[in-house]
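Survey of secondary and tertiary structure
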Amino acid sequence: MRYLVIAILLTGCAITPPDYDYHHRTYIPLDTDRSYEPVNAKAFVVEDKNILIKYTPDIVDAGVQFEFQNKSSKPISIVWDQTTFINAGSQSERVFHDGVIIKDRNTSLPPTLIPPTAKHADMVIPTSRVDWASSDWLYEPLCGVRVGANLAYDDSVCMNKNLSFFFTYEIDGVKKNLTATFKLTKKTPRPKKTATAKT
């Protein structure tokens, strides 16, 4: 026991980021849910003759669920190193996706292959919206600024501003681009929990 106590004192209380995959996540405790609308489209869908992309922005954090459908008779690769998130300030940011170890999110990412006529589901998130918070990875909303130490969040600057994912894919040796653009249009307060009376 004495040696165990000494070891703890030597290592200190700092906790280093673990090799978590995408799914280990802590949400900022927000009091509202977010509603998004597609820009210049009737649904969260973009496509060209080769690929169809459906997507669903998360009402809580920066994760966006995408489904890629290869419409062609040739393999398609999503080129992650040339795919970016364009924030409300029109700045381009790196992204990472499901299955990537979080601490490696800013390194070069291999492409994802989608066979002819096949579909591929993936969660995509800007690397800047994930942060190590002393004991766990913290997933922030897609847009906004953290206020104070209590994790309050101000995303008023994001309302009705365009947010985009700029995808690069390769087919038959040629790289092409497709952009999914949407905006934050509404925030809905969450119902407050009421204390139950003791009997």
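Quick note: structure is the one above.
Residues numbered from 1 in each chain as written. Predicted model: local features only at pLDDT ≥ 70, side-chain atom pairs only at ≥ 80, totals over all residues. Heavy atoms only, no water.

**What to know about the pattern of salt bridges**
- Within the structure shown, the criterion is met by five salt bridges.
- Of the charged contacts in the structure, one is a salt bridge between Lys 74 and Asp 172, with a shortest N-O distance of 2.9 Å. Of the two residues, Lys 74 sits in the loop between strand E5 (64-70) and strand E6 (76-78) while Asp 172 sits in the loop between strand E15 (162-171) and strand E16 (174-189), which places them 98 residues apart along the sequence.
- What makes Asp 172 exposed here is its relative accessible area of 57%.
- Of the charged contacts in the structure, one is a salt bridge between Arg 129 and Glu 140, with a shortest N-O distance of 3.7 Å. Placement of Arg 129 in the loop between strand E10 (119-126) and strand E11 (130-132) and of Glu 140 in the loop between strand E12 (137-139) and strand E13 (145-147) is noted, with a sequence separation of eleven residues between them. Accessibility classification places Arg 129 together with Glu 140 in one group, the buried group. (Salt bridge = Lys/Arg side-chain N within 4 Å of Asp/Glu carboxyl O. Helix = DSSP H or I, 4+ residues; strand = E, 2+ residues; numbered from the N terminus. Buried < 20%, exposed > 50% of the residue type's maximum accessible area, 1.4 Å probe, protein only.)

**Comments concerning the pairing of strand E4 (residues 51-57)**
- Of all seven residues making up E4, five are buried, and the element is well covered by its neighbours.
- Judged from the three bridges that link them, strand E3 (residues 45-47) and E4 form a sheet pairing that is antiparallel. Bridging from a neighbouring strand, Glu 47 pairs with Leu 52 of E4.
- Hairpin geometry of E3 and E4 is characterised by an intervening segment of three residues between the two adjacent antiparallel strands.
- Relative to E5, E4 is paired through seven bridges, and the arrangement is antiparallel. Within the sheet, the bridge partner assigned to Thr 56 lies in E5 and is Gln 65. (Pairing = 2+ DSSP bridges.)

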